[in-house]
Amino acid sequence: MPLAVLLYNLGSRYTSWLRTGSALLGGGVMVLVGLWVNWMTVGASELRGGLDVFAALAPMPLAWAMGFAARSRRALLVAAEQRAVEAGRAQRLEAAQATQRERARIAREMHDVVAHSLTLLVVHAETLRARGDELPDWARAQVDGLAAAGRQSSGELRDLLRMLRDPAEAAPLATGARTR
């Protein structure tokens, strides 16, 4: 029985064939010494021969094989856990990249639609301001306010788009009125 436990542990714990082979050789020598001592101490009528030896040695390769299978199973579990960790890391990275791509797409769409419209609004307001002598006084004040609001909105939109494109590098959005 101790030899079977030793062989199970060898199969279960050691990957070195040199250690395993030397332990098997040592175990075999122990069995042979035990059989020799048994043969020397029993009488000829009590010695049964090969079946006793076979019964004692037959489970030994099975003990080593069970240990080897246990070690292989542990190695497979560790490899599966490592693959799961790597897959989770890759999935988080892919999700972060997808989020960044979507933010960049939204920023492009907003730039194409809103920023161009605001720029056009400011250009029209400046054109009206340039022709301010043709406008009544109340309209001139409104055009000045419209141009200032358009420039302010355009600057705020630029900051918002910068934040959407790369949140790490964007300055925090200004709260309150901003003048340019």
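Residues numbered from 1 in each chain as written. Predicted model: local features only at pLDDT ≥ 70, side-chain atom pairs only at ≥ 80, totals over all residues. Heavy atoms only, no water.

### Overview of a nonpolar patch on the surface
Using the following cut-off: Two distance rules govern patches: like charges are joined within 9 Å, and nonpolar side chains (Val, Leu, Ile, Met, Phe, Trp, Tyr) within 5 Å, applied only to residues with over 30% relative accessible area and no salt bridge. Accessible areas in this description were obtained via Shrake-Rupley with a 1.4 Å probe; residue shielding takes into account the shown protein chains only. A pair is scored as a salt bridge if a Lys or Arg side-chain nitrogen falls within 4 Å of a carboxyl oxygen belonging to Asp or Glu. Going along the chain from the N terminus, every DSSP run of H or I of four or more residues is numbered as a helix, and every run of E of two or more is numbered as a strand. Relative accessibility under 20% of the residue-type maximum defines a buried residue, over 50% an exposed one, and the middle range a partly exposed one, all with a 1.4 Å probe and only protein chains included.
Taken together, the side chains of Leu25, Val29, Val33, Trp36, Val37 and Met40 define a hydrophobic patch exposed on the protein surface, amounting to about 600 Å² of accessible area. Looking at the secondary structure, you find Met40 in helix 2 (residues 17-41). By relative accessible area, which is 49% here, Met40 ends up partly exposed.

### Digging into the packing of helix 4 (residues 59-130) against helix 5 (residues 137-165)
Condition: Only the stretch in contact is used when a helix axis is fitted, and all axes are lines through C-alpha atoms; the angle between N-to-C directions ranges over 0 to 180 degrees. Orientation categories follow fixed angle ranges, with anything under 35 degrees roughly parallel, anything over 145 roughly antiparallel, 65 to 115 roughly perpendicular, and all other angles oblique. Note on convention: near helix rotated counterclockwise from far helix by under a right angle means a left-handed crossing. Clockwise means right-handed. Residues were grouped as follows: Ala, Val, Leu, Ile, Met, Phe, Trp, Tyr, Cys and Pro as nonpolar; Asp, Glu, Lys and Arg as charged; and all remaining residues, including Gly, as polar.
Contact geometry of helix 4 with helix 5 gives a least axis separation of 9 Å together with a crossing angle of 165 degrees. The angle between helix 4 and helix 5 falls in the class roughly antiparallel. Classified by chirality, the crossing of helix 5 by helix 4 is left-handed. Looking at side-chain class alone, the contact of helix 4 with helix 5 contains 19 nonpolar, five polar and six charged residues.

### Observations concerning the packing of helix 1 (residues 2-13) against helix 4
Working note: a packed helix pair is described by the angle between its axes plus the distance between those axes. What counts is decided by this rule: Whether two residues touch is decided by their heavy atoms; if any such pair falls within 4.5 Å, the residues are in contact.
Where helix 1 contacts helix 4, the two axes come as close as 6 Å, and the packing angle between them is 30 degrees. Here helix 1 is positioned roughly parallel relative to helix 4, judged by the angle of their axes. Considering the relative orientation of helix 1 and helix 4, their crossing is right-handed. Where helix 1 abuts helix 4, its residues Leu3, Ala4, Leu7, Tyr8, Leu10, Gly11, Ser12 and Arg13 lie against Met60, Ala63, Trp64, Met66, Gly67, Phe68, Ala70, Arg71 and Arg74. Looking at the contact of helix 1 with helix 4 residue by residue, the classes come out as eleven nonpolar, three polar and three charged.

### Description of the pattern of salt bridges
Applying the stated criterion across every chain, the model contains nine salt bridges. Between Glu86 and Arg89 there is a salt bridge, with the nearest N and O atoms lying 2.6 Å from each other. Of this pair, Glu86 and Arg89 both sit in helix 4, three residues apart, roughly one helical turn. Using a relative accessible area of 40% as the deciding quantity, one classes Glu86 as partly exposed. In this structure, the salt-bridge partner of Arg129 is Asp144, at a minimum N-O distance of 2.8 Å. Of the two residues, Arg129 is situated in helix 4 and Asp144 in helix 5; the sequence distance between them amounts to 15 residues. The exposure class of Arg129 is partly exposed, given its relative accessible area of 34%. Taken together, the salt bridges that share partners define one network made up of Glu126, Arg129, Asp144 and Arg151.

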